[in-house]
Amino acid sequence: MTVHQDLRTSTFTADVAPRGAATTEEHGTAAEWWRSAVIYQIYPRSFSDSTGDGIGDLPGITARLGELHGLGVDAIWLSPFMTSPQKDAGYDVADYCDVDPIFGTLADFDTLLARAHEFGIRVIVDLVPNHSSDQHEWFRQALATAPGSPERARYIFRDGSGAQGEEPPNNWQSIFGGPAWTRITEPDGTPGQWYLHLFDSSQPDFDWSKDEVKEEFRRILRFWLDRGVDGFRVDVAHGLVKDQDFPDYTPDVDAASMGGEETPAPYFEQTEVHEVYRDWRLVLEEYEGDRALCGEAWVSSVEKAALWVRPDEMHQTFNFQYLETPWDAGQLRGVIDDSLHAFNSVGAPSTWVLSNHDVVRHATRLSLTGENPQGSGIGPDHPGLPDRQTGLARARAATALMLALPGSSYIYQGEELGLDEVHDLPDAARQDPTWFRTAGERFGRDGCRVPLPWVADADTFGFTAGGTPWLPQPERWKSLARDVQRVDPDSTLNLYRRMLALRAEHDLGLGQLRWLPGNEGSVLMFANQDVTVLANTGTQPVALPAEHDVLLATAALKGAEVPADCTVWLRRHAG
Ligand code: GLC
């Protein structure tokens, strides 16, 4: 295997710029890697299966790292692969410091990490601090001891309301549907206390007011840092600390749908939660190299998101406002401006993201016409389905817009193949707890988690050596398989490759955005470094700007016109 030392990999060892409220321009090319990195999310269950059990695994990933190097990504983020009963696909962790046997062993992880580093690819692991699995040793101990025990105090146990404690302590609802409290049977067999779970009942929430919990997570951070990981994606980062009064709460759906300022729930965005990340930042700074924290915090504005990346907190946070913005030039212009302003004001890079394992894939989402609340998924009758041609054209154009923006971008496995959401999964195949906890009212997230197609003419499209994929793959993905796209110059895969190579060559991640004349109506037009970007979100073609060469176009240009749903990267003629 050859390891290419190119410009991109050499930036990994570049000098560290000072932390603090500096603009991206001041950092130049010597900035920390996470300021401009393209980070590829791997969902291990669905990436590549080396054992034939139908579930992807760590050796499967290691074997394909060359593909990701060829694609040109700077880092990978691995969704959880730690010991877990897999009630929420690994986001229910039973042992934070070991690998689940379905994914391999710690030695397999070390091999993956070493190989990735040989390729110059950084590795971020997923940390789930809000809750554990109910199979975690601590939770078993909590159930086995009496109310008020130190073992129980690591989680959020409360007596019920009602005369016999038969009602939950308050009205909080689980994000996955149904009540957020479950009643236990005490060790003596009597009906007992209730425990809080913001997600599935198999995911009890930790009590983050307890020092023991804080110390345990410092230990877990160090365990992975000692192994050499480059950072952590922090799950439900806004949820760890709860309002200690546990007041009843009913989400203000009207305020949210009117685009107003929704009051945060008493279990999200509590001021004290930021102390946790200030503490973690110090733990990361005990280590050499640029280790980074990226928060998964679903908050209602980019200004709020910026609170997570103040100089002494996390390094990055996901920009979900950007993900939630429709394919509309006016709205995109607004969110781009707001993001750059908000993140710059705290000296952090903006991040950009269009797809992940919790949302409808953007090659489908951008062509939908109906409501599509995050996490609910879509089923066979959703309005706007199936319009794969429009969806794919918009996805390619939207990604080219995203990858031209300064900051760090996340891409989700399979989007480089233009994969669509599998909205037509059979009911019997669905596995997301959301589907079960809402009795099928919400489809959940399985449709974006279907195993990848590698080889068009192989069984299971080459995903697994002999097994049945844990979710069925649609026949239509044959034409999207990686081996077919590798040899098609116009494929989405080759478009991604070109975009990542040009992005690195022109150092777009560390540039500055300057809106240009022509940035109006349904056209976005800006310059970043020496590249001019034009995105046409409208329905009519627009003229290509004069005196420019086309570096890249996401659709075939018709003469000197940029068609609808197309983005072009241009370079002004010299002189
Ligand atoms: C995050 C994860 C999601 C998971 C949830 C509970 O939102 O991205 O997949 O179900 O947290 O851990």
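For the structure itself, look to the data block above.
Read on for a plain summary of the structure. (Residues numbered from 1 in each chain as written. Predicted model: local features only at pLDDT ≥ 70, side-chain atom pairs only at ≥ 80, totals over all residues. Heavy atoms only, no water.)

**Considering the site of the ligand**
Quick reminder of the rule: Working definition: residue near molecule or strand if any one of its non-hydrogen atoms lies within 4 Å of it. For this analysis, a polar contact is any N or O atom pair within 3.5 Å, provided that within protein one partner can donate a hydrogen and the other can accept it, and provided that sequence-adjacent residues contribute only side-chain to side-chain pairs. Where accessible areas are quoted, they stem from the Shrake-Rupley method and a 1.4 Å probe; at the residue level, only the protein chains shown are allowed to cover. Think of it as three bins: nonpolar holds Ala, Val, Leu, Ile, Met, Phe, Trp, Tyr, Cys and Pro, charged holds Asp, Glu, Lys and Arg, and polar takes everything else, Gly as well.
For the ligand, the set of nearby residues contains 14 residues, the closest of which are Asp88, Asp235, Glu296, His357 and Asp358. Note that an oxygen atom of the ligand is positioned 2.8 Å from one of the side-chain N or O atoms of aspartate 235. Separating an oxygen atom of the ligand from a side-chain N or O atom of histidine 357 is a distance of 2.9 Å. Against a free-state accessible area of 310 Å², the protein chains account for coverage of 96% of the ligand. Its residues assigned to classes, the shell around the ligand shows four nonpolar, three polar and seven charged.

**Remarks on the pairing of strand 10 (residues 292–295)**
What counts here: For each residue, the accessible area found with a 1.4 Å probe, counting protein chains only, is set against the maximum for its type, and the residue is called buried under 20%, exposed over 50%, and partly exposed in between. Each helix is a run of DSSP H or I of at least 4 residues and each strand a run of E of at least 2, with the numbering of both proceeding from the N terminus. Strands are treated as partners if at least two bridges between them are detected by DSSP.
With burial as the criterion, each face of strand 10 is covered, one bearing Ala292 and Cys294 and the other bearing Leu293 and Gly295. Bridge count for strand 9 (residues 231–234) against strand 10 is four bridges, and the pairing is parallel. Paired with valine 234 across the bridge in strand 10 is glycine 295. Sheet analysis places strand 10 next to strand 11 (residues 316–317), joined by two bridges and oriented parallel. Its bridge partner being in strand 11, cysteine 294 is matched across the sheet by glutamine 316.

**A word on the environment of threonine 105**
Selection rule: Contact definition: two residues touch when any of their heavy atoms are within 4.5 Å.
Looking at the secondary structure, you find threonine 105 in the loop between strand 4 (95–99) and helix 5 (106–118). Spatially, the C-alpha atoms of threonine 105 and phenylalanine 81 are 9.7 Å apart, while their sequence positions differ by 24 residues. In contact with threonine 105, not counting residues within four places along its chain, are Leu58 and Val99.

**Side note on helix 12 (residues 329–344)**
The condition that has to hold: Here, expected helix span is obtained from the residue count minus one, scaled by 1.5 Å.
For helix 12, spanning 16 residues, the distance from its first C-alpha to its last is 22 Å, which sits close to the expected 22 Å at 1.5 Å a residue. All buried positions along helix 12 are accounted for by Ala329, Leu332, Arg333, Val335, Ile336, Ser339, Leu340, Ala342 and Phe343.

**So, the pattern of salt bridges**
Side chains that carry opposite charge are capable of pairing whenever their charged atoms lie near each other. Inclusion rule: Salt bridge, as used here: a side-chain nitrogen of Lys or Arg that lies within 4 Å of a carboxyl oxygen of Asp or Glu.
Under the definition given, this model contains 36 salt bridges. For the salt bridge of glutamate 67 with arginine 486, the shortest nitrogen-to-oxygen distance reads 2.6 Å. Here glutamate 67 is found in helix 4 (residues 65–71), whereas its partner arginine 486 is found in helix 16 (residues 482–486), with 419 residues between them in sequence. The class of arginine 486 is partly exposed, set by a relative accessible area of 35%. Beyond isolated ion pairs, a larger network of salt bridges with shared partners links Asp88, Asp358, Asp432, Arg445 and Arg449.

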